[in-house]
Amino acid sequence: MRIRRILSATIATAALAGLGLTGAATATAATAQGAPSAVSPSQCREGGGEPRIDLPGNPCKGGTYDGQSVD
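Residues numbered from 1 in each chain as written. Predicted model: local features only at pLDDT ≥ 70, side-chain atom pairs only at ≥ 80, totals over all residues. Heavy atoms only, no water.

**Q** Would you mind going over the overall build of the chain with me for this structure?
**A** The helix and strand tally for the chain stands at two helices and four strands. Across the chain, helices and strands are ordered from the amino to the carboxyl terminus as α-β-α-β-β-β. Within the chain, the fraction of its 71 residues that count as buried is 11%. Looking at the chain alone, contacts between residues at least 24 apart form 27% of all its contacts between residues at least 6 apart. As displayed, the chain offers around 5,400 Å² of accessible surface, 61% of which is attributable to carbon and sulfur atoms. (Helix = DSSP H or I, 4+ residues; strand = E, 2+ residues; numbered from the N terminus. Buried < 20%, exposed > 50% of the residue type's maximum accessible area, 1.4 Å probe, protein only. Contact = heavy atoms within 4.5 Å. Areas by Shrake-Rupley, 256 points an atom, 1.4 Å probe, with all protein chains shown as cover.)

**Q** Help me understand the environment of Pro-59, please; the structure alone is not making it clear to me.
**A** Among the structural elements, Pro-59 can be located in the loop between strand E2 (50–51) and strand E3 (60–61). Taking the C-alpha atoms as reference points, Pro-59 and Val-70, separated by 11 residues in sequence, lie 5.6 Å from one another. Leaving out residues up to four positions away in the same chain, Pro-59 has contacts with Glu-50, Pro-51, Arg-52, Gln-68 and Val-70.

**Q** Help me understand the state of the cysteines in this model?
**A** Note: disulfide means a covalent bond formed between the sulfur atoms of two cysteine side chains. Tallying each qualifying case throughout the model produces one disulfide. One disulfide in the model links Cys-44 with Cys-60; its S-S distance is 2.0 Å. Taking the torsion about the sulfur-sulfur bond, which here is approximately 90°, the covalent link between Cys-44 and Cys-60 counts as right-handed. Residue Cys-44 is located in helix H2 (residues 41–46), and its partner Cys-60 is located in strand E3; the two are separated by 16 residues in the primary sequence. Taking the relative accessible area as the measure of exposure, Cys-60 reaches 0% and is therefore buried. (Disulfide = S-S within 2.5 Å.)

**Q** Any chance you could explain the pattern of salt bridges here in plain terms?
**A** By the definition in use, this model includes one salt bridge. For Asp-54, the salt bridge goes to Arg-52, with nearest N and O atoms at 3.0 Å. In this structure Asp-54 comes out as exposed when scored by relative accessible area, which is 56%. For Arg-52, a relative accessible area of 31% translates into the label partly exposed. (Salt bridge = Lys/Arg side-chain N within 4 Å of Asp/Glu carboxyl O.)

**Q** Quick question: what am I supposed to make of unusual backbone geometry here?
**A** Of all residues except glycine, most have a negative phi; of all peptide bonds, most are trans. Positive phi outside glycine occurs at Asn-58, with the angle close to 50°. Note on placement: Asn-58 falls in the loop between E2 and E3. Residue Asn-58 is classed as partly exposed on the basis of its relative accessible area of 29%.

No statement about biological role is implied by the geometric values presented.
If you want it as structure tokens, here you go:
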């Protein structure tokens, strides 16, 4: 009987820990999706890049916003 209680407690703890890890992964994914898809020309320059509106897709070349679209 004692072994069953210990086993039940172990399983419950593992299940709760699994839920905690799932919540942390979800929070991380939500944070990563919050990045802007387009930046202004001044943001591109402030981030150390150069807005290249002459190229297809108007990318920011270099710096923090490298590859993001310039709006």
